[in-house]
Amino acid sequence: MLYWLMKRVFIGPLLHLFFRPSIEGAENIPAEGGAVLASNHLAVSDSFFLPLKVRRRVTFTAKLEYFTQPGIKGLFKKWFFSGVGQIPIDRSSGSAAQAALDTGIRLLREGHLLGIYPEGTRSPDGRLYKGKTGMARIVLEARVPVIPVAMFGTDRANPIGSKMWKPTKIHIKVGEPLDFSRYYGLAGDRFVERSITDEIMYTLMELSGQEYVDLYAAKAKELMGVAATGPMVPRQSAPPADADRAARIKAG
(Lines give C-alpha, C1' and ligand atoms only; values in the text may rest on other atoms or scores of the structure.)
Protein backbone atom coordinates (compact mmCIF):
# COMPACT_ATOMS: atom_id res chain seq x y z
CA MET A 1 0.00 0.00 0.00
CA LEU A 2 2.78 2.45 0.89
CA TYR A 3 4.47 1.84 -2.48
CA TRP A 4 1.34 2.79 -4.41
CA LEU A 5 0.63 5.81 -2.19
CA MET A 6 4.17 7.09 -2.81
CA LYS A 7 3.83 6.47 -6.55
CA ARG A 8 0.34 7.89 -7.07
CA VAL A 9 -0.17 10.43 -4.28
CA PHE A 10 2.95 11.69 -2.47
CA ILE A 11 5.85 11.62 -4.95
CA GLY A 12 4.59 10.56 -8.37
CA PRO A 13 2.50 13.66 -9.17
CA LEU A 14 5.41 15.99 -8.27
CA LEU A 15 7.84 14.04 -10.44
CA HIS A 16 5.40 14.17 -13.35
CA LEU A 17 4.91 17.90 -12.87
CA PHE A 18 8.58 18.94 -12.75
CA PHE A 19 10.31 16.32 -14.92
CA ARG A 20 7.67 15.23 -17.49
CA PRO A 21 9.02 11.66 -17.66
CA SER A 22 8.19 9.58 -20.71
CA ILE A 23 8.73 5.93 -21.57
CA GLU A 24 9.29 4.19 -24.89
CA GLY A 25 8.94 0.43 -25.37
CA ALA A 26 6.90 -0.24 -22.21
CA GLU A 27 5.17 -3.06 -24.09
CA ASN A 28 8.43 -5.03 -23.81
CA ILE A 29 7.91 -5.43 -20.07
CA PRO A 30 5.88 -8.61 -19.39
CA ALA A 31 2.46 -8.10 -17.83
CA GLU A 32 3.14 -10.85 -15.29
CA GLY A 33 5.86 -13.19 -14.09
CA GLY A 34 9.40 -12.59 -12.94
CA ALA A 35 11.83 -10.55 -15.02
CA VAL A 36 14.98 -8.51 -14.51
CA LEU A 37 14.99 -4.85 -15.56
CA ALA A 38 18.68 -4.26 -16.30
CA SER A 39 19.38 -0.54 -16.48
CA ASN A 40 22.26 1.86 -16.92
CA HIS A 41 22.81 3.91 -13.77
CA LEU A 42 23.33 7.65 -14.06
CA ALA A 43 21.87 8.97 -10.79
CA VAL A 44 20.07 8.06 -7.57
CA SER A 45 16.87 9.30 -9.20
CA ASP A 46 16.94 6.35 -11.66
CA SER A 47 15.29 4.29 -8.93
CA PHE A 48 12.45 6.83 -8.71
CA PHE A 49 11.65 7.44 -12.37
CA LEU A 50 11.76 3.85 -13.62
CA PRO A 51 9.14 2.55 -11.14
CA LEU A 52 7.09 5.68 -11.81
CA LYS A 53 6.65 4.81 -15.49
CA VAL A 54 6.25 1.03 -15.19
CA ARG A 55 2.73 -0.18 -14.42
CA ARG A 56 3.87 -3.13 -12.34
CA ARG A 57 5.68 -2.76 -9.05
CA VAL A 58 9.47 -2.70 -9.44
CA THR A 59 11.70 -3.82 -6.58
CA PHE A 60 15.30 -2.65 -6.23
CA THR A 61 17.91 -3.81 -3.75
CA ALA A 62 19.49 -1.02 -1.70
CA LYS A 63 22.36 -0.65 0.75
CA LEU A 64 21.54 -1.83 4.26
CA GLU A 65 22.76 1.54 5.61
CA TYR A 66 19.68 3.24 4.17
CA PHE A 67 17.52 1.25 6.58
CA THR A 68 19.62 1.17 9.76
CA GLN A 69 20.49 4.81 10.47
CA PRO A 70 19.45 5.71 14.05
CA GLY A 71 17.14 8.53 15.08
CA ILE A 72 14.18 10.25 13.46
CA LYS A 73 16.08 10.82 10.23
CA GLY A 74 16.90 7.11 10.07
CA LEU A 75 13.26 6.15 10.61
CA PHE A 76 12.21 8.53 7.84
CA LYS A 77 14.82 7.05 5.47
CA LYS A 78 13.65 3.52 6.24
CA TRP A 79 10.02 4.49 5.64
CA PHE A 80 10.89 6.36 2.45
CA PHE A 81 13.07 3.70 0.80
CA SER A 82 10.62 0.96 1.73
CA GLY A 83 7.88 3.07 0.20
CA VAL A 84 9.63 3.40 -3.15
CA GLY A 85 10.07 -0.35 -3.45
CA GLN A 86 13.60 -0.94 -2.18
CA ILE A 87 14.70 -3.79 0.06
CA PRO A 88 17.78 -3.76 2.31
CA ILE A 89 20.78 -5.85 1.29
CA ASP A 90 23.96 -6.36 3.32
CA ARG A 91 26.99 -6.56 0.97
CA SER A 92 29.72 -6.34 3.59
CA SER A 93 31.01 -9.90 3.21
CA GLY A 94 30.99 -12.90 0.91
CA SER A 95 28.13 -14.54 2.79
CA ALA A 96 26.18 -11.28 2.75
CA ALA A 97 26.72 -10.95 -1.01
CA GLN A 98 25.38 -14.49 -1.47
CA ALA A 99 22.37 -13.55 0.63
CA ALA A 100 21.77 -10.63 -1.74
CA LEU A 101 21.81 -13.00 -4.72
CA ASP A 102 19.46 -15.38 -2.94
CA THR A 103 17.04 -12.54 -2.20
CA GLY A 104 16.97 -11.52 -5.85
CA ILE A 105 16.40 -15.11 -6.98
CA ARG A 106 13.56 -15.55 -4.49
CA LEU A 107 11.80 -12.36 -5.62
CA LEU A 108 12.01 -13.38 -9.27
CA ARG A 109 10.72 -16.88 -8.59
CA GLU A 110 7.79 -15.27 -6.77
CA GLY A 111 6.98 -13.37 -9.97
CA HIS A 112 8.34 -9.92 -9.15
CA LEU A 113 10.04 -7.39 -11.41
CA LEU A 114 13.56 -6.88 -10.07
CA GLY A 115 15.50 -3.76 -11.01
CA ILE A 116 19.28 -4.28 -11.28
CA TYR A 117 22.10 -1.92 -12.19
CA PRO A 118 24.72 -4.21 -13.77
CA GLU A 119 27.47 -1.60 -13.29
CA GLY A 120 27.03 -1.96 -9.53
CA THR A 121 27.19 1.78 -8.86
CA ARG A 122 26.44 5.08 -10.59
CA SER A 123 28.55 6.04 -13.59
CA PRO A 124 31.06 8.69 -12.48
CA ASP A 125 31.04 10.51 -15.83
CA GLY A 126 27.99 9.47 -17.83
CA ARG A 127 29.70 6.62 -19.68
CA LEU A 128 28.69 2.96 -19.48
CA TYR A 129 31.02 0.75 -17.45
CA LYS A 130 31.73 -2.98 -17.27
CA GLY A 131 28.94 -5.11 -15.84
CA LYS A 132 29.21 -7.34 -12.80
CA THR A 133 28.32 -11.00 -13.25
CA GLY A 134 26.09 -11.38 -10.18
CA MET A 135 23.13 -10.37 -12.34
CA ALA A 136 23.82 -13.26 -14.73
CA ARG A 137 23.91 -15.71 -11.82
CA ILE A 138 20.49 -14.45 -10.68
CA VAL A 139 19.03 -14.75 -14.18
CA LEU A 140 20.29 -18.31 -14.62
CA GLU A 141 19.09 -19.47 -11.22
CA ALA A 142 15.66 -17.83 -11.48
CA ARG A 143 15.29 -18.62 -15.21
CA VAL A 144 13.77 -15.29 -16.19
CA PRO A 145 14.19 -12.90 -19.14
CA VAL A 146 16.22 -9.70 -18.99
CA ILE A 147 14.60 -6.45 -20.09
CA PRO A 148 17.25 -3.83 -21.02
CA VAL A 149 16.45 -0.27 -19.93
CA ALA A 150 18.20 2.99 -20.79
CA MET A 151 17.70 6.10 -18.64
CA PHE A 152 18.14 9.57 -20.16
CA GLY A 153 18.37 12.89 -18.34
CA THR A 154 18.53 11.70 -14.73
CA ASP A 155 22.18 12.75 -14.45
CA ARG A 156 21.18 16.30 -15.35
CA ALA A 157 18.20 16.31 -13.01
CA ASN A 158 20.15 14.81 -10.14
CA PRO A 159 23.92 15.39 -10.67
CA ILE A 160 26.33 13.49 -8.43
CA GLY A 161 26.80 15.39 -5.19
CA SER A 162 23.74 17.62 -5.66
CA LYS A 163 21.22 18.07 -2.86
CA MET A 164 18.54 19.67 -5.00
CA TRP A 165 17.06 18.20 -8.17
CA LYS A 166 16.81 20.36 -11.30
CA PRO A 167 13.66 20.20 -13.46
CA THR A 168 14.77 18.33 -16.59
CA LYS A 169 12.98 16.20 -19.15
CA ILE A 170 13.43 12.50 -18.30
CA HIS A 171 13.10 9.74 -20.88
CA ILE A 172 13.20 5.97 -20.49
CA LYS A 173 13.81 3.55 -23.34
CA VAL A 174 12.96 -0.13 -22.89
CA GLY A 175 14.46 -2.69 -25.25
CA GLU A 176 13.21 -6.10 -26.33
CA PRO A 177 13.58 -8.98 -23.83
CA LEU A 178 16.81 -10.95 -23.85
CA ASP A 179 16.38 -14.73 -23.57
CA PHE A 180 19.21 -16.71 -21.98
CA SER A 181 17.39 -20.04 -21.70
CA ARG A 182 20.18 -21.65 -23.78
CA TYR A 183 22.41 -21.26 -20.73
CA TYR A 184 20.03 -22.66 -18.10
CA GLY A 185 21.75 -25.21 -15.90
CA LEU A 186 25.12 -23.46 -16.24
CA ALA A 187 24.87 -21.10 -13.26
CA GLY A 188 28.27 -20.87 -11.60
CA ASP A 189 30.22 -21.15 -14.85
CA ARG A 190 32.16 -17.88 -14.80
CA PHE A 191 32.72 -17.86 -18.57
CA VAL A 192 29.01 -18.27 -19.26
CA GLU A 193 28.11 -15.62 -16.70
CA ARG A 194 30.63 -13.18 -18.17
CA SER A 195 29.27 -13.85 -21.68
CA ILE A 196 25.71 -13.13 -20.54
CA THR A 197 26.78 -9.99 -18.72
CA ASP A 198 28.72 -8.69 -21.72
CA GLU A 199 25.76 -9.31 -24.03
CA ILE A 200 23.52 -7.30 -21.69
CA MET A 201 26.04 -4.46 -21.48
CA TYR A 202 26.41 -4.38 -25.27
CA THR A 203 22.63 -4.12 -25.59
CA LEU A 204 22.56 -1.29 -23.05
CA MET A 205 25.33 0.49 -24.95
CA GLU A 206 23.31 0.34 -28.18
CA LEU A 207 20.08 1.32 -26.41
CA SER A 208 21.55 4.27 -24.50
CA GLY A 209 24.14 5.47 -27.02
CA GLN A 210 26.69 5.75 -24.20
CA GLU A 211 30.39 5.23 -24.70
CA TYR A 212 31.47 1.90 -23.19
CA VAL A 213 34.46 1.63 -20.85
CA ASP A 214 35.89 -1.86 -20.17
CA LEU A 215 36.48 -1.08 -16.50
CA TYR A 216 34.33 -1.42 -13.40
CA ALA A 217 32.72 1.87 -12.39
CA ALA A 218 33.90 1.48 -8.79
CA LYS A 219 37.49 1.14 -10.02
CA ALA A 220 37.07 4.16 -12.28
CA LYS A 221 35.92 6.23 -9.30
CA GLU A 222 38.95 5.07 -7.33
CA LEU A 223 41.31 6.00 -10.17
CA MET A 224 39.65 9.38 -10.60
CA GLY A 225 40.24 10.02 -6.92
CA VAL A 226 43.92 9.13 -7.36
CA ALA A 227 44.26 11.52 -10.30
CA ALA A 228 42.44 14.32 -8.44
CA THR A 229 44.49 14.14 -5.23
CA GLY A 230 47.86 13.99 -7.03
CA PRO A 231 50.88 14.30 -4.70
CA MET A 232 48.71 13.98 -1.58
CA VAL A 233 48.21 10.28 -2.34
CA PRO A 234 51.21 8.01 -1.59
CA ARG A 235 52.76 6.81 -4.83
CA GLN A 236 52.48 3.16 -3.83
CA SER A 237 48.68 3.41 -3.44
CA ALA A 238 48.18 3.08 -7.20
CA PRO A 239 50.47 1.89 -9.99
CA PRO A 240 51.58 4.60 -12.44
CA ALA A 241 49.63 2.86 -15.18
CA ASP A 242 46.47 3.23 -13.11
CA ALA A 243 47.10 6.91 -12.59
CA ASP A 244 47.51 7.35 -16.34
CA ARG A 245 44.26 5.50 -16.92
CA ALA A 246 42.58 7.71 -14.35
CA ALA A 247 43.67 10.85 -16.17
CA ARG A 248 42.34 9.47 -19.44
CA ILE A 249 39.05 8.46 -17.82
CA LYS A 250 38.61 11.88 -16.28
CA ALA A 251 39.50 13.63 -19.53
CA GLY A 252 36.96 11.44 -21.26
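Residues numbered from 1 in each chain as written. Predicted model: local features only at pLDDT ≥ 70, side-chain atom pairs only at ≥ 80, totals over all residues. Heavy atoms only, no water.

Caption draft 1: Quick look at the overall build of the chain. The helix and strand tally for the chain stands at 11 helices and nine strands. The buried share of the chain, taken over its 252 residues, is 44%. Within the chain, contacts between residues separated by at least 24 positions form 78% of all contacts whose residues are at least 6 apart in sequence. Of the accessible surface of the chain, which amounts to about 13,000 Å², a share of 57% is contributed by carbon and sulfur atoms. (Helix = DSSP H or I, 4+ residues; strand = E, 2+ residues; numbered from the N terminus. Buried < 20%, exposed > 50% of the residue type's maximum accessible area, 1.4 Å probe, protein only. Contact = heavy atoms within 4.5 Å. Areas by Shrake-Rupley, 256 points an atom, 1.4 Å probe, with all protein chains shown as cover.)

Caption draft 2: Geometry of the pairing of strand β8 (residues 171–174). Burial along β8 is one-sided: the residues I172 and V174 are buried and none of H171 and K173 is. Two elements, strand β1 (residues 22–24) and β8, share three bridges in a ladder whose sense is parallel. In the sheet register, I23 faces β8, and the bridge partner there is I172. Pairing between strand β7 (residues 146–152) and β8: four bridges, direction antiparallel. Paired with F152 across the bridge in β8 is H171. (Pairing = 2+ DSSP bridges.)

Caption draft 3: Structural context of the confidence of the model for the chain. Looking at the chain as a whole, the pLDDT averages 85, with 83% of positions reaching at least 70. Every residue in residues 231–251 is under pLDDT 50, and counting partners more than four places away or in other chains gives 20 contacts. (pLDDT = per-residue confidence, 0-100.)

Caption draft 4: Fine view of the nonpolar core. In this structure, L37, F49 and L50 are the most contacted members of the largest nonpolar core, which totals 28 residues. When contributions to this core are tallied by element, the ones reaching two or more residues are α1 (2–10), α2 (12–19), β2 (35–39), α3 (46–53), β3 (58–63), α5 (71–83), β7 and β8. Here the element with the most residues in this core is α3; it accounts for four residues. Sequence-distant contacts of L37, that is, excluding residues within four places in its chain, are made with I29, L50, V58, L113, L114, G115, I116, I147 and V149. (Core = buried A, V, L, I, M, F, W, Y, C linked by side-chain atoms within 4.5 Å.)

Caption draft 5: Quick look at the side chain of E119. As for its placement among the helices and strands, E119 is situated in the loop between β5 (113–116) and β6 (128–129). No salt bridge is formed by the buried E119, whose closest oppositely charged neighbour, K221, lies at an N-O distance of 9.0 Å. Within polar-contact distance, the side chain of E119 engages the backbone nitrogen of H41 at 3.2 Å. (Lys, Arg positive; Asp, Glu negative; His and termini not counted. Salt bridge = Lys/Arg side-chain N within 4 Å of Asp/Glu carboxyl O. Polar contact = N/O pair within 3.5 Å; in protein donor to acceptor, adjacent residues only side chain to side chain.)

Caption draft 6: Structural detail: the packing of aromatic side chains. The final tally for this structure, using the stated rule, is five aromatic pairs. On the basis of an interplanar angle of 35 degrees and a centroid distance of 6.1 Å, the ring pair of F49 and W165 is categorised as tilted. Pair noted here: F49 is in helix α3 and W165 is in the loop between α8 (154–157) and β8, with a separation of 116 residues, a long-range link. Aromatic rings pair up to connect F19, F48, F49 and W165 into one cluster. (Phe/Tyr/Trp six-rings, centres within 6.5 Å; stacked < 30°, edge-to-face > 60°.)

Caption draft 7: Quick peek at unusual backbone geometry. Of note in this structure, R20 is not a glycine but carries a positive phi near 45 degrees. On the secondary structure map, R20 appears in the loop between α2 and β1.

Caption draft 8: Layout of the environment of S45. With respect to the element layout, S45 can be found in the loop between β2 and α3. Assessed through its relative accessible area of 0%, S45 is described here as buried. When the C-alpha positions of S45 and G153 are compared, they lie 9.9 Å apart, and in sequence the two are 108 residues distant.

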